[in-house]
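# Tertiary structure, described
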Amino acid sequence: MDAFQNHYPENVSHCYGCGSHNTHGHQIKTVWEGDETVTRFQPKPFHTSVPGFAYGGLIASLIDCHSTGTAAAAMYRQAGRDLDSLPPFRFVTGSLHVDFLKPTPLVELEIRGTVKEIKGRKVVVETTVFAGGVATARGEVVAVQMPESFGQP
């Protein structure tokens, strides 16, 4: 699987949700499936809100990082560039809105994203979390492209 996050530059690979250099983080991996992006994530027992269910902060962070990764991949796709080409497209969250539709059980989650809009340095992504094929949360992220100097010493 050639996940988007495998191509993040070293200086921006520390994010709790998607950074490969954060050993305590989620380290999500996102790929294209047609025009949608997909991440699969298995919550751990310590992600519990009440027994058997994930806490809302986990769900929000999965939506957040899945969406910013989707934004970067969408910009590369729009530009006709490889994911590891320079300068890198990297995004931060300008806005995060989450609707919790149902309690999310501690089963493998499927997170699916769709690009709603690309406008300049802004990408709007709609992301849905599924547990056992049932939508449990939906979010919208306005992702803003980082300047090239962001994350530099």
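Here's what I pulled together on the structure shown here. (Residues numbered from 1 in each chain as written. Predicted model: local features only at pLDDT ≥ 70, side-chain atom pairs only at ≥ 80, totals over all residues. Heavy atoms only, no water.)

## Focus on the overall build of the chain
This is how it is decided: Segments assigned H or I by DSSP are reported as helices when at least four residues long, segments assigned E as strands when at least two residues long, and all are numbered from the N terminus. For the radius of gyration, the atom set is restricted to C-alpha positions; the globular benchmark scales as 2.2 Å times the number of residues to the power 0.38. Note on classification: 1.4 Å probe, protein chains only; a residue is buried when its accessible area is under 20% of the maximum for its type, exposed when over 50%, partly exposed between these limits. The accessible surface values rely on the Shrake-Rupley method and a 1.4 Å probe; as for residues, cover is taken only from the protein chains in view. In summary, the charge assignment counts Lys and Arg as positive and Asp and Glu as negative, without counting His or the chain termini. Charged side chains are reduced to one point each, which is NZ for Lys, CZ for Arg, CG for Asp and CD for Glu.
When helices and strands are tallied, the chain shows 1 helix and 6 strands. Going from the N terminus to the C terminus, the chain shows its helices and strands as β-β-α-β-β-β-β. Taking 153 residues into account, the globule formula puts the C-alpha radius of gyration at 15 Å, and the chain, at 15 Å, falls close to it. Counting all 153 residues of the chain, 44% fall into the buried class. Surface summary for the chain: the accessible area is close to 7700 Å², and the carbon and sulfur share equals 55%. Within the chain, one finds 13 positive and 15 negative side-chain charges whose respective centroids are separated by 3 Å.

## Section: empty space enclosed by the protein
What counts is decided by this rule: Computed over the protein atoms alone on a 1 Å grid, cavities are sets of points where a 1.4 Å probe fits but cannot get out and pockets are open sets with protein on both sides within 12 Å along at least five of seven lines; a residue lines them when it has an atom within 4 Å of a point. Grid points are joined across faces, edges and corners, and a volume is the space filled by probe spheres set on the points. Lys, Arg, Asp and Glu make up the charged group, whereas Ala, Val, Leu, Ile, Met, Phe, Trp, Tyr, Cys and Pro make up the nonpolar group; the residues left over, Gly among them, are polar.
For the coordinates displayed, the defined rule picks out 1 cavity of 30 Å³ or more. A volume near 60 Å³ is recorded for the largest cavity. Lining the largest cavity are Phe 4, His 7, Tyr 8, Pro 9, Ala 72, Ala 73, Tyr 76, Leu 83, Pro 88, Phe 89 and Arg 90. Residue classes in the lining of the largest cavity are distributed as 9 nonpolar, 1 polar and 1 charged.

## Describing the nonpolar core
Counted only if it meets this: We call a set of buried residues a nonpolar core when its members are Ala, Val, Leu, Ile, Met, Phe, Trp, Tyr or Cys and they connect through side-chain atoms within 4.5 Å of each other. Residues count as neighbours in contact if any of their non-hydrogen atoms are within 4.5 Å of one another.
Ranked by internal contacts, the top residues of the largest apolar core, which has 30 residues, are Ile 59, Leu 62, Ile 63, Phe 91, Leu 109 and Val 129. The set of elements that each furnish at least two residues to this core consists of α1 (56–79), β3 (91–100), β4 (109–119), β5 (122–131) and β6 (134–145). Tallying contributions element by element places α1 first for this core, with 11 residues. If near-sequence neighbours (up to four positions away) are discounted, Ile 59 is found in contact with Ala 54, Phe 100, Thr 104, Leu 109, Val 129 and Ala 137.

## Observations concerning the packing of aromatic side chains
Rules: Only centres within 6.5 Å qualify two rings of Phe, Tyr or Trp (six-membered ring in Trp) as a pair; their planes then separate them into stacked at under 30 degrees, edge-to-face at over 60, and tilted for everything else.
Inspection of every chain in the model, using the stated rule, returns 2 aromatic pairs. Arranged with centres 4.9 Å apart and planes meeting at 75°, the rings of Tyr 76 and Phe 89 form a pair that is edge-to-face. Taken together, the residues span a long stretch of sequence, with Tyr 76 in helix α1 and Phe 89 in the loop between α1 and β3 at a distance of 13 residues. The same class applies to Tyr 76 as to Phe 89, namely buried.

## A word on the pairing of β6
The cut-off we apply is this: In this description, strands pair whenever DSSP reports at least two bridges between them.
Sheet analysis places β3 next to β6, joined by 9 bridges and oriented antiparallel. Looking at β6, one finds that Ser 95 is bridged to Val 142. Both β5 and β6 contribute to a ladder of 10 bridges, which runs antiparallel. Pairing of Phe 130 across the sheet is with Ala 135, part of β6. Counting the residues that bridge the hairpin from β5 to β6 gives 2 residues, and of these Gly 132 lies at a positive phi of roughly 60°.

## Considering the sheet that holds strand β1 (residues 30–33)
Convention followed: A fitted line through C-alpha atoms serves as each axis, taken over the contacting stretch for helices, and the angle formed by two N-to-C directions is quoted from 0 to 180°.
Spatially, 6 strands are ordered β1-β2-β4-β5-β6-β3 in an open sheet, and the strand pairing comes out antiparallel. Looking at strand neighbours, the two that pair on one side only are β1 and β3, the edges of this open sheet. Across the sheet, the axes of successive neighbouring strands diverge by a mean angle of 25°, strand direction being ignored. Sheet topology places strand β2 (residues 36–41) next to β4; 6 bridges connect them, and they run antiparallel. The residue of β4 that forms the bridge with Val 38 is Arg 112. Taken strand by strand, α1 contacts β1, β2, β3, β4, β5 and β6, and its axis lies near 130° from that of β3.

Honestly, that's just the spatial picture; any functional story needs more than this.
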